[in-house]
Amino acid sequence: MTSYTQIALDVDGPIATLTLDRPEKLNAFTGVMMAEIIAAFDETDANDAVKAVIVTGRGRAFCAGADLSAGAATFDYEKLGGARSASPIGEDGSIDWSHPATRDGGGQVTMRIFRSLKPVIAAVNGPAVGIGATMQLAMDMRLASDTARFGFVFARRGIVPEAGSSWFLSKLVGLPQALEWCMTGRVFDAAEAQKGGLTRSTHAGDDLLPAARALALEIAENTAPVSVALTRQMLWRMAGAPSPWDAHRLDSKMVYMRGRSGDAKEGVISFLEKRSPAYPDTVSQNMPAEVFPWWPEDKW
């Protein structure tokens, strides 16, 4: 296990729990936290014992958004120093958009979550604002405590939605709701989040993590990990396909390859024998290289 400073990663049976761990700062997002979240998903993808990942926050907040301790320079990447110190601006004033200094940090997190080979469940235990709200959008299911608050507050900070949320949010809640939340920038409660389709359920605080774990265990104990990994990518990536024919072509390849697998045989036999399945395939060894990945390499 990697040693982390601003998150914690705990594996209990088939479930990994990633906890944002700056409770004294309401788990405000930093560059260190960004790098550690990405590393944690690298770790969970590589661990075949992990069948699902829960993401939550330590203390009374999920994530209060970007750490604003840099003041007016908070969102000015050229002034933040460190890895962003090299300027993407040429002598003629043009901007090199391929330069890593122009890349949104929150988006680096959501793009890594998007690529996860394990299902990801958000257990939103408190306020989730800015990147605290948008990082959840690349997760597969969102459960909230009754004290959770959400806010896509970017227009109230003079910036715009980040972390790929202009793609994710409308797919989850519909364009009218996405426009309202982003244009007003208001903070809203768990009831409005569930009514608007952002979350699946609302729970008392003490019941939140047990409910998230029960959902994760339902996946872990009943489904084939390779099938879940493929299904996750198929559903997310086909959300932007121009035609159902694209999905039909892809589905056909995947069903053909999976139908030949030991998992498919075990799925049928365990059902007929009325017992729990013991799927033999692993994500690290048995992803069908003939058809996965099927998309062009993602590049910045």
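This text goes with the structure placed above it.
Small disclaimer: the values here were computed from a predicted structure and weren't measured.

(A) Layout of the packing of helix α4 (residues 165–173) against helix α5 (residues 175–184). α5 packs onto α4 with a crossing angle of 125 degrees between their chain directions and a minimal axis gap of 7 Å. Looking at the two axes, α4 sits oblique to α5. Both α4 and α5 take part in a crossing whose hand is right-handed. Residues L169, S170 and V173 of α4 touch α5, and the partners they reach there are L175, Q177, A178, W181 and C182.

(B) Spatial organisation of the nonpolar core. Counting residues in hydrophobic clusters, the biggest one holds 48 residues, and the most contacted among them are I37, F152 and L198. When residues of this core are assigned to their parent elements, the largest contribution, six residues, is made by helix α1 (residues 31–46). With near-sequence residues (within four places) excluded, L198 lies in contact with L137, R142, F150, F152, L169, V173, W181, F188 and A193. Membership of the second largest hydrophobic core comes to 13 residues, among which are L117, A229, M234 and M287.

(C) Looking closely at the sheet that holds strand β9 (residues 201–203). In space, the six strands of this open sheet follow the order β1-β2-β3-β4-β6-β9, with mixed pairing throughout. Of all strands in the sheet, those with a lone pairing partner are β1 (7–12) and β9, marking the two edges. Sheet twist, expressed as the mean angle between neighbouring strand axes with direction ignored, is 20 degrees. Of the strand pairs in this sheet, β1 and strand β2 (residues 15–20) are connected by six bridges, and their pairing is antiparallel.

(D) Here's a closer look at the side chain of S116. Considering the arrangement of structural elements, one finds S116 in the loop between α2 (105–114) and β4 (120–124). Ignoring sequence-local partners within four residues, the contact set of S116 consists of F41, D45, R232 and Q233.

Rules used throughout
Residues numbered from 1 in each chain as written. Predicted model: local features only at pLDDT ≥ 70, side-chain atom pairs only at ≥ 80, totals over all residues. Heavy atoms only, no water. Axes fitted to C-alpha atoms, helices over the stretch in contact; angles between N-to-C directions. Helix = DSSP H or I, 4+ residues; strand = E, 2+ residues; numbered from the N terminus. Parallel < 35°, antiparallel > 145°, perpendicular 65-115°, else oblique. Left-handed = near helix turned anticlockwise from the far one by under 90°. Contact = heavy atoms within 4.5 Å. Core = buried A, V, L, I, M, F, W, Y, C linked by side-chain atoms within 4.5 Å. Buried < 20%, exposed > 50% of the residue type's maximum accessible area, 1.4 Å probe, protein only. Pairing = 2+ DSSP bridges.

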